[in-house]
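Structure assessment
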Amino acid sequence: MCTPFLKNYKLSELIEPLRYFLFPRRCAACGKLLSRAETVLCVRCLGHLIPFTFTQSVWQKRFEELPEVVTAFMGGFIFEEEGVCRELIHSIKYQGNREGGLYLGMLLARLWNLRREDYDCIVPVPLHPHKLLHRRYNQAEIIARGISLETSIPLIAHALRRKHYEQSQAGMHREERLTRMKGAFAIGRDSVPAGSRVLLLDDVLTTGATLTAAAKAMAETKAKQIVLLAASVDMPE
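In this report, the structure presented in the accompanying data block is examined. All of these numbers come straight from a predicted model, not from anything done at the bench.

Quick word on the packing of aromatic side chains
Summed over all chains, the structure comprises three aromatic pairs. Taking 6.0 Å as the distance between ring centres and 70 degrees as the angle between the ring planes, the aromatic pair formed by phenylalanine 52 and phenylalanine 54 counts as edge-to-face. The rings of Phe52, Phe54, Phe63 and Phe73 are connected pair by pair, giving a single aromatic cluster.

See below:
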């Protein structure tokens with residue numbers, strides 16, 4: 001029997017404060033407790049997520065020998081040491097923060113005003129099966145799914161497959177990365193219709209070697225247009 005105090009409340013309104021108390025959510029960047037109005041990042045850290053604006057410079061310096069169907073590059077946020085973007089990306093990649101990946105995808109869609117009418121599909125850069133087994137999911141696919149949910153651009157998760165297993169490339173010079181990534185990708189089990197306008201996404205752009213190799217494999221699908229998108233861009237000092 002409900003008391004007069006409780007009868008005017010829905011069950012969800014009673015459970016939500018309890019859930020928030022028992023399972024507090026923390027900012028993926030600074031660890032601060034989030035308010036009920038905040039998602040993934042606190043207001044302060046969200047304000048320190050720096051949009052990437054050096055698109056033309058990166059296009060000229062980090063991409064070489066791209067297929068002719070690659071027409072543009074877009075960068076999301078600046079990936080800097082101890083920065084908010086780095087902490088968010090690392091929480092997605094290494095701490096199982098899938099919600100953060102969906103959230104980042106939503107932010108990218110809004111940042112670049114991505115629209116369904118401009119793209120036929122979005123394709124994430126794949127992980128090698130061994131690395132996928134270790135991480136349990138592909139962070140680029142989760143980010144791409146966030147874009148898809150925000151824009152209704154269809155996600156083709158396995159349009160590409162990764163042929164080579166590489167250890168971390170952190171600290172490698174550009175030429176080393178380019179050499180290691182040659183022929184790293186092939187067409188995957190999910191087909192992309194010929195003539196498609198493809199948004200090809202990776203989580204972090206460093207030298208451009210990974211996206212370049214992925215774009216070359218993607219071009220074999222006879223895509224009409226490929227636009228490269230990096231959720232974050234590492235800026236050299």
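Once the structure has been displayed, the description carries forward.
Here's the deal with the pattern of salt bridges
Two side chains carrying opposite charge are able to pair once their charged atoms lie near each other. If you walk through the whole model with that rule in mind, you get 10 salt bridges. As a salt-bridge pair, arginine 86 and glutamate 87 come within 2.9 Å of each other at their nearest N and O atoms. By relative accessible area, which is 17% here, arginine 86 ends up buried. Taking the relative accessible area as the measure of exposure, glutamate 87 reaches 21% and is therefore partly exposed. Notably, a salt bridge pairs glutamate 141 with arginine 145, separated by 2.9 Å at the nearest N-O pair. Note that glutamate 141 and arginine 145 are positioned in helix H7 (residues 139-151) at a spacing of four residues, about one turn of the helix.

A word on the packing of helix H5 (residues 98-111) against H7
Running from N to C, H5 and H7 point in directions that differ by 50 degrees, and their axes come no closer than 7 Å. One finds that H5 runs oblique with respect to H7. Considering how the two elements wind past one another, H5 and H7 form a crossing that is right-handed. Residues Arg98, Gly101, Leu102, Leu104, Gly105, Met106, Leu108, Ala109 and Arg110 of H5 form the contact with H7, whose own contacting residues are Ile142, Ile143, Arg145, Gly146, Ile147, Leu149, Glu150 and Thr151. Classifying every residue of the contact of H5 with H7 gives nine nonpolar, four polar and four charged.

So, helix H4 (residues 84-94)
With eight of 11 residues buried, H4 is to be regarded as a mostly interior element. Considered for burial, the residues of H4 that qualify are Val84, Cys85, Arg86, Leu88, Ile89, Ser91, Ile92 and Lys93. Positive backbone phi, approximately 70 degrees, marks glycine 96, located one or two places after H4.

What counts, and at which threshold
- Residues numbered from 1 in each chain as written.
- Predicted model: local features only at pLDDT ≥ 70, side-chain atom pairs only at ≥ 80, totals over all residues.
- Heavy atoms only, no water.
- Phe/Tyr/Trp six-rings, centres within 6.5 Å; stacked < 30°, edge-to-face > 60°.
- Salt bridge = Lys/Arg side-chain N within 4 Å of Asp/Glu carboxyl O.
- Buried < 20%, exposed > 50% of the residue type's maximum accessible area, 1.4 Å probe, protein only.
- Helix = DSSP H or I, 4+ residues; strand = E, 2+ residues; numbered from the N terminus.
- Axes fitted to C-alpha atoms, helices over the stretch in contact; angles between N-to-C directions.
- Parallel < 35°, antiparallel > 145°, perpendicular 65-115°, else oblique.
- Left-handed = near helix turned anticlockwise from the far one by under 90°.
- Contact = heavy atoms within 4.5 Å.
- Nonpolar A, V, L, I, M, F, W, Y, C, P; charged D, E, K, R; others polar.

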